[in-house]
Every structure is written in C-alpha cells, then in structure tokens.
Amino acid sequence: GEKPGEFYGYWFQDSDLAKWLEAASFSLATHPDPKLDAELDGIIATIAKAQQPDGYLDTFVQLTAPDKRWTNLFEWHELYIAGHFIEAGVAHFEATGKRTLLGVVGKLADMIEKVFGLGEGQIQGYPGHEEIELALVKLARVTGEKRYVHLAAYFINQRGATPNYYDEEVKRLGVSAKLPIYFYKNRWAYLQ
C-alpha cells in the first residue's frame, strides 16, 4: 500500500527474500554491520505491513488471488514460503535478539496452525515442498512453544497418507499438464 504496483516474477519468489533475510542475519551474527542491520530493520518493517491481520503472508496470493488462499498447495508453495520466512525470523532473532521478524512469523505460524489439521473445518493438506516442518521445529526451540513441533509432525504424517491430498486437489482445480513434465512424470515425486 505504499505505492501502486502489481505482482511480477515467480509466484514463489517471497522465499528468495526470506532466504536473503536469513543469510543476512547469519552474517550479522558473526560480522556486526550497522548498515546491514538497519537495512534488515527496514525490510522487516515492510514485511510486517504486508502481513494480513490474521497472519497470512504471501505476496503472490495476496496481490493476485486473495480469495484463493491455501487452495493450490502443490503449485503455489505457500507453506514452503512460510517455512523460509519462519527460518529467517528465527535466524534474525538469534543473531540480533530482536523480536520484530520473529513476531511476524509467529503470527503466521499461529494462523497456519488454525487452518491445517485433522479437525473439523481444517485443511488436511501439507506443503508441496518440505520446508515448514524444520522451520516449525526451529521456531519451537526459540519460543518454547511445543505446539509448533506438533504442527510439524502433522505435516510429516499427512504426507503420503491415503487418500492422497494432491490427487484430490488436482481434480478440484482441474489441473492440466501446464507445469513442466518432470512435475507429473513420477506422480508427485517432485513434491517429495
């Protein structure tokens, strides 16, 4: 909302920003740099402004399909991106002691915990690419919140369960072979 514009680039590119934030935080941990620290603070403030009130954070979906959150898990990689943001938040906290990004990713993880699971009204899916599982364990370690480990276990245990969530998702979406052939060649092997 700071200036007009539209989403461009790859739908999963938020993860690249998150990976950069994590790497920059690792750098700060061993090589203090006030300029880099200030740059991170500015970027984190912008990310916090972009986060939805309920904790959701994925700029592709927010800008192009806000009414379709969590409807295309195998292709849009929302949980993968969330995992990279969570890892960045943990790394930033461990490097600087600042809770700014940790607060953002904690709110995101809390929202994901409400959305996914085996309870009534919850989505019984899991990430297209594993990433959030290890991120949630790292988040649990720094916050002391064991429920994040339970959420990671949920995602791990759902993968490969029958019926396959992705078989149902592609039917619901009416997906054709619009992605590269390696995606479909070994029936979900790409998602492993």
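Structure shown above.
Residues numbered from 1 in each chain as written. Predicted model: local features only at pLDDT ≥ 70, side-chain atom pairs only at ≥ 80, totals over all residues. Heavy atoms only, no water.

Trainee: What am I meant to see in the nonpolar core here?
Mentor: Most often, soluble globular proteins keep nonpolar side chains buried together rather than apart. The biggest cluster of nonpolar side chains holds 50 residues, and the ones touching the most others in it are Trp70, Ile112, Phe116, Leu136 and Phe155. Element by element, the count of residues in this core is highest for helix α6 (residues 100–115), at nine residues. Beyond its immediate sequence surroundings of up to four residues, Ile112 is in contact with Trp70, Leu79, Ala82, Ile132, Leu151 and Phe155. (Core = buried A, V, L, I, M, F, W, Y, C linked by side-chain atoms within 4.5 Å. Buried < 20%, exposed > 50% of the residue type's maximum accessible area, 1.4 Å probe, protein only. Helix = DSSP H or I, 4+ residues; strand = E, 2+ residues; numbered from the N terminus. Contact = heavy atoms within 4.5 Å.)

Trainee: Teacher, can you tell me more about the pattern of salt bridges here?
Mentor: Counted according to the given criterion, the structure contains 13 salt bridges. Residues Lys19 and Asp16 are paired through a salt bridge, measuring 3.9 Å at the closest nitrogen-oxygen approach. With Lys19 and Asp16 both in helix α1 (residues 14–30), this residue pair falls three residues apart, about one helical turn. Residue Lys19 is classed as partly exposed on the basis of its relative accessible area of 32%. Given a relative accessible area of 43%, Asp16 falls into the partly exposed group. The partner of Arg141 in a salt bridge is Glu94, with the nearest N and O atoms 3.1 Å apart. (Salt bridge = Lys/Arg side-chain N within 4 Å of Asp/Glu carboxyl O.)

Trainee: For this particular structure, what's the right way to read the packing of aromatic side chains?
Mentor: For any pair of aromatic rings, geometry is given as the distance between the ring centres together with the angle between the planes. Tallying each qualifying case throughout the model produces 13 aromatic pairs. Site record: aromatic cluster; members linked through ring pairs are Tyr56, Trp70, Phe116, Tyr154 and Phe155. (Phe/Tyr/Trp six-rings, centres within 6.5 Å; stacked < 30°, edge-to-face > 60°.)

Trainee: Just to check I follow, could you spell out unusual backbone geometry for this structure?
Mentor: Comment: phi is negative for the bulk of residues other than glycine, and the bulk of peptide bonds are trans. Note that the residue after Thr162, namely Pro163, is joined by a cis bond; omega there is 0°. Within the secondary structure, Pro163 is located in the loop between α8 (147–158) and α9 (165–173). Positive phi, close to 60°, is recorded for Trp70, a residue that is not glycine. Within the secondary structure layout, Trp70 lies in the loop between α3 (59–64) and α4 (73–76). By relative accessible area, which is 7% here, Trp70 ends up buried.

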